[in-house]
Structures are given as structure tokens and as C-alpha cells.
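Close look at the chain arrangement
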Amino acid sequence: MSKYLFFLFSITMFSQQTEIQQYKVINTIDNIELRYYPPSMKAKVTSNNNFSKLFKYISGNNSDNTKIAMTAPVYMTNKGSLNTMEFVLPVKYLEKKIVLPKDNSIEVYKSKEGVFASITYGGYSNSNKISENYRLLVNKLNKKNITIISNQPIVLSYNSPYKVFNRRNEILLEVVYKSN
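This report concerns the structure included in the present document. Since we're looking at a predicted model, the values are computed, not measured. (Residues numbered from 1 in each chain as written. Predicted model: local features only at pLDDT ≥ 70, side-chain atom pairs only at ≥ 80, totals over all residues. Heavy atoms only, no water.)

Moving on, we get to the overall build of the chain. Helix and strand counts for the chain stand at three helices and 12 strands. If you line up the chain on its principal axes, its C-alpha atoms span 50 × 50 × 35 Å. A buried classification covers 37% of the 180 residues belonging to the chain. For the chain, contacts bridging at least 24 residues in sequence account for 69% of all contacts bridging at least 6. On the chain, roughly 11400 Å² of surface is accessible, and the fraction owed to carbon and sulfur atoms is 54%. Charge separation in the chain, taken as the distance between the mean sites of 24 positive and 12 negative side-chain charges, equals 4 Å. (Helix = DSSP H or I, 4+ residues; strand = E, 2+ residues; numbered from the N terminus. Buried < 20%, exposed > 50% of the residue type's maximum accessible area, 1.4 Å probe, protein only. Contact = heavy atoms within 4.5 Å. Areas by Shrake-Rupley, 256 points an atom, 1.4 Å probe, with all protein chains shown as cover. Lys, Arg positive; Asp, Glu negative; His and termini not counted. Charge placed at Lys NZ, Arg CZ, Asp CG, Glu CD.)

The next point concerns the pairing of strand S11 (residues 154–157). Burial along S11 is two-sided: the face carrying Ile154 and Leu156 and the face carrying Val155 and Ser157 are both buried. As judged from the three bridges shared by strand S6 (residues 74–79) and S11, these two strands associate in the antiparallel manner. Considered in S11, the bridge of Tyr75 is made with Leu156. As paired strands, S11 and strand S12 (residues 169–176) are joined by four bridges and run antiparallel to one another. (Pairing = 2+ DSSP bridges.)

Any aromatic ring pair is given by two values, namely how distant the centres are and how the planes are angled relative to each other. Across all of its chains, the model carries four aromatic pairs by this definition. Between the aromatic rings of Tyr23 and Tyr37, the centroid separation amounts to 5.2 Å while the plane-to-plane angle is 40°, which identifies the pairing as tilted. With a gap of 14 residues between them, Tyr23 in the loop between strand S1 (19–20) and strand S2 (24–29) and Tyr37 in strand S3 (residues 32–37) connect regions that are remote in the sequence. Assessed through its relative accessible area of 28%, Tyr23 is described here as partly exposed. Measuring from centroid to centroid gives 5.6 Å for Tyr37 and Phe116, while their planes differ by 90°, and the two rings are edge-to-face. (Phe/Tyr/Trp six-rings, centres within 6.5 Å; stacked < 30°, edge-to-face > 60°.)

Everything listed here is a matter of geometry and, on its own, says nothing about what the molecule does.
Below, the structure written as C-alpha cells:
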């Protein structure tokens, strides 16, 4: 019994807490959340080696040779054959000097605020799950007469590829929403 408790204690003590991007849920419609996202600092790249380039940047391949904490979620979009990946930087970088990447294919920028509709799904993400949840989200928004600003789905992944259970993925669409 004591070995079991020690194991649980070790997992709790040594598990890292990942900073999650801030947002405020402004309404819920069935399994859809309407969220307000304030501005945040992000690093993005469009290439074949998106994750490795961004990981090198936060691991110290930057102007200050500074390690930057990994946050969640990771943003992914796809336009034709172009895949873009974005890391949200820790909230402290909104107030601090931007740490510039040494790799000029990485863009660090301040995102604009906005309202987004979100649908959550589990497991490992794949094109079928993305298509199915995108369709569910669009249908629900259309039924509620909520205007979609961009039909380009943004796929969010909250977990390390090594996490097997209780995975969290989302599809986001920017919308026009005025609360009553």
C-alpha cells in the first residue's frame, strides 16, 4: 500500500503544471462554448517542421537564449497544402520585451482579441474527427443564427503526444456574438 501511495505522490509532485491560454466563457449552447479571448503573444510558423522549429525557439534558440515555458493549447490550421502551427507564449510576455526567434521563419506577434465558438472532442485528433466536429459546430451556429467570421477551422491540442487518456482537442471558429 505504501508503494502505491508513494507512486501517486511522485506523480503529483513531479507533474508539470502547464499554463493554459486565458479566455472567458460568455455563453454555452448545448456542447458549444462561446468564448472571449483577450490578446496573447504567440509564435507561429508555416513549414514542414512546425513543431520542431517552435520547440527549438522556446528551448532557447532565440535572441536571449532564454527557455520559454510550454503552454497549451497548440493552434493548428491548414490552408490547402500549407500547415501552420502556433504556440501561445506565457502571459508574462504580454508585458515583457518580445524574445525574438533566431529562425526567421518564426513570427512572434500579439494576437487580436475576439469571440470564438468552441467544440471539444477527445482522443487523438485526426482529419475525420476534425471534419465531423467542424460540421457539428457550423450546424449548431447556423441553427442559432450566429454569424461565423471565418470558416477556417482552428484545431487546438492541449496535450503532449505521449498522453493517452483524457485528451482534449477543440475546433474554434471566430464568430460575431452580442450577449443580451
